[in-house]
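# Remarks on the overall topology
What follows is the residue order along each chain.
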Amino acid sequence: MVAGHVEMVLFEQSLRDGDGMHRPFGDRVADAAAKTSGTVLFDVRIDGDKHVQRMAAIGYDDAGTAIVLMEKTGDLRCAPVNGETAVLVAELAAWESSPLSEHARVDFRGTAAMLLAKLRSSGHFGQSS
């Protein structure tokens, strides 16, 4: 249900963007997190995917986690995190909260790609082509 709440906030944002210009992805995710009492766990760029360019997670303590994707078209989509993907979310959240020197040394892209693949294989976000 958490992902549904985030989706509603993102939908509301899209209705407000009357001039056709969307706010930056990070700002939209942060706004959705604030309006739904969540915390942004990570916000990463996805390189090499034909359909997705950004991925973020919003955590809700005991209520779960929602993943937000920005497609190459600019559309945003949400999905809940299940048990299989929770470990990958935790790895990306740990990377996000690490010092910048760690960001340069530790590559997050493999973990992000695995998370996206697991979400797709569980029926979220369609398949990469």
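Up top is the structure.
Each chain has its residues counted from 1, following the order in which its sequence is written. pLDDT decides what is reported in this predicted model: residues at 70 or higher carry local features, side-chain atom pairs at 80 or more are listed and counted, and totals for whole chains, interfaces and linings draw on all residues regardless. The side-chain quantities take in all heavy atoms of the structure and omit both hydrogens and water.

### Quick word on the pattern of salt bridges
Charged atoms that come close allow side chains of opposite charge to pair. Basic side-chain nitrogens of Lys or Arg form a salt bridge, by our definition, when they fall within 4 Å of a carboxyl oxygen of Asp or Glu. By the definition in use, this model includes six salt bridges. Lys-35 is paired through a salt bridge with Asp-31; the nearest N and O atoms lie 3.5 Å apart. On the criterion of helical spacing, the pair formed by Lys-35 and Asp-31 is a turn pair, its members being four residues apart in helix α2 (residues 25-35). Under the scheme applied here, a residue whose accessible area is under 20% of the maximum for its type counts as buried, over 50% as exposed, and between as partly exposed, the area being computed with a 1.4 Å probe on protein chains only. On the basis of relative accessibility, which here comes to 17%, the residue Asp-31 falls in the buried class. Starting at the N terminus, helices and strands are each numbered in turn, a helix being any DSSP run of H or I of at least four residues and a strand any DSSP run of E of at least two.

### Here we look at the layout of surface pockets
Taken as a whole, the largest pocket holds about 160 Å³ of empty space. The definitions used throughout rest on a 1 Å grid laid over the protein atoms alone, on which a cavity is an enclosed set of points accommodating a 1.4 Å probe that cannot get out and a pocket is an open set flanked by protein within 12 Å on both sides along at least five of seven lines; lining residues are those having an atom within 4 Å of a point. Lining the largest pocket we find 12 residues, and of these Ile-46, Asp-49, Ala-112, Ala-113 and Leu-116 sit closest to its centre. In terms of residue count, the dominant contributor to the lining of the largest pocket is helix α5 (residues 109-121) (six residues). Grid points are joined across faces, edges and corners, and a volume is the space filled by probe spheres set on the points.

### Quick look at the sheet that holds strand β1 (residues 39-45)
Here the rule is simple: two strands pair whenever DSSP picks up at least two bridges between them. Reading across from one edge, β1-β2-β3-β4 is the order of the four strands in this open sheet, with antiparallel pairing throughout. Strands at the two margins of the open sheet, each flanked by one partner only, are β1 and β4 (76-80). Within the sheet, the average angular offset between the axes of one strand and its neighbour, ignoring direction, is 20°. Sheet analysis places strand β3 (residues 65-71) next to β4, joined by five bridges and oriented antiparallel. Note that in β4 the partner of Leu-69 across the bridge is Arg-77. In this description, contact between two residues means that some pair of their heavy atoms is separated by no more than 4.5 Å. Between the N-to-C directions of two axes lies an angle of 0 to 180 degrees, each axis being a line fitted to C-alpha atoms and, for a helix, fitted only over the stretch in contact. Each of β1, β2 (52-59), β3 and β4 touches α2; the most contacted strand, β2, lies at about 20° to it. In the packing of helix α3 (residues 83-97) onto the sheet, the strands contacted are β1, β2 and β3, and the crossing angle to β1 comes to about 85°.

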